[in-house]
Amino acid sequence: MKKLIQQILKFGVVGFLCFFIDYGIMVALTELCGISSVISSGISFSVSVIVNYILSVTVVFDADKEANKAKQFVIFLILSIIGLGINQVIMWGGTSWLDQYMERSYMLVKIAATAVVMVYNFITRKIFIEKKPEKN
């Protein structure tokens, strides 16, 4: 249980770092470059996934060091693409609804999308990336 709590805390720190990377790039692309928030959110999410992968397999999860790295990355990428899909659906639906009530609703919606995707990411990465305990 102690290991799980430590892992959740590490995942949280990595998640916050990647959130700031994701959020910062999204806001910069939208506000400074005039790119649609849905497109800039997809770009920023993709950049943060690369950072997240590196930190997840080196710091957070007890990844199998002998596992096929290409296969491990492909699994991580597939899980991340699903996470991106969840992110994009929440961004699209949330901004479509909230834009009528407030300006720059994408900033608020992105926080909600990140929370949902963060839970999804922890669960799926724990299942698919972490080394399985050896059975005697």
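Residues numbered from 1 in each chain as written. Predicted model: local features only at pLDDT ≥ 70, side-chain atom pairs only at ≥ 80, totals over all residues. Heavy atoms only, no water.

Engineer: Any chance you could explain the overall build of the protein chain here in plain terms?
Structural biologist: Check the secondary structure of the protein chain and you find four helices and zero strands. Listing every helix and strand of the protein chain by position from the N terminus yields α-α-α-α. For the protein chain, the C-alpha atoms occupy an extent of roughly 60 × 30 × 20 Å along the three principal directions. The buried share of the protein chain, taken over its 136 residues, is 38%. (Helix = DSSP H or I, 4+ residues; strand = E, 2+ residues; numbered from the N terminus. Buried < 20%, exposed > 50% of the residue type's maximum accessible area, 1.4 Å probe, protein only.)

Engineer: Would you explain the UniProt feature "domain: GtrA/DPMS transmembrane" (unreviewed entry) in the protein chain in this entry?
Structural biologist: Per the UniProt annotation, the sites labelled "domain: GtrA/DPMS transmembrane" (unreviewed entry) are residues 10-129. Secondary structure within residues 10-129 divides into 84% helix and 0% strand; the distance between the first and last C-alpha atoms comes to 15 Å. (UniProt positions renumbered as here; feature names shortened; annotations may be inferred.)

Engineer: Honestly, the UniProt feature "transmembrane region" (unreviewed entry) in the protein chain in this entry has me stumped. Any pointers?
Structural biologist: Within this numbering scheme, the UniProt entry marks residues 7-29, 35-61, 73-93 and 105-123 as carrying the feature "transmembrane region" (unreviewed entry). Segment residues 73-93 splits into 100% helix and 0% strand. End C-alpha atoms: 30 Å apart.

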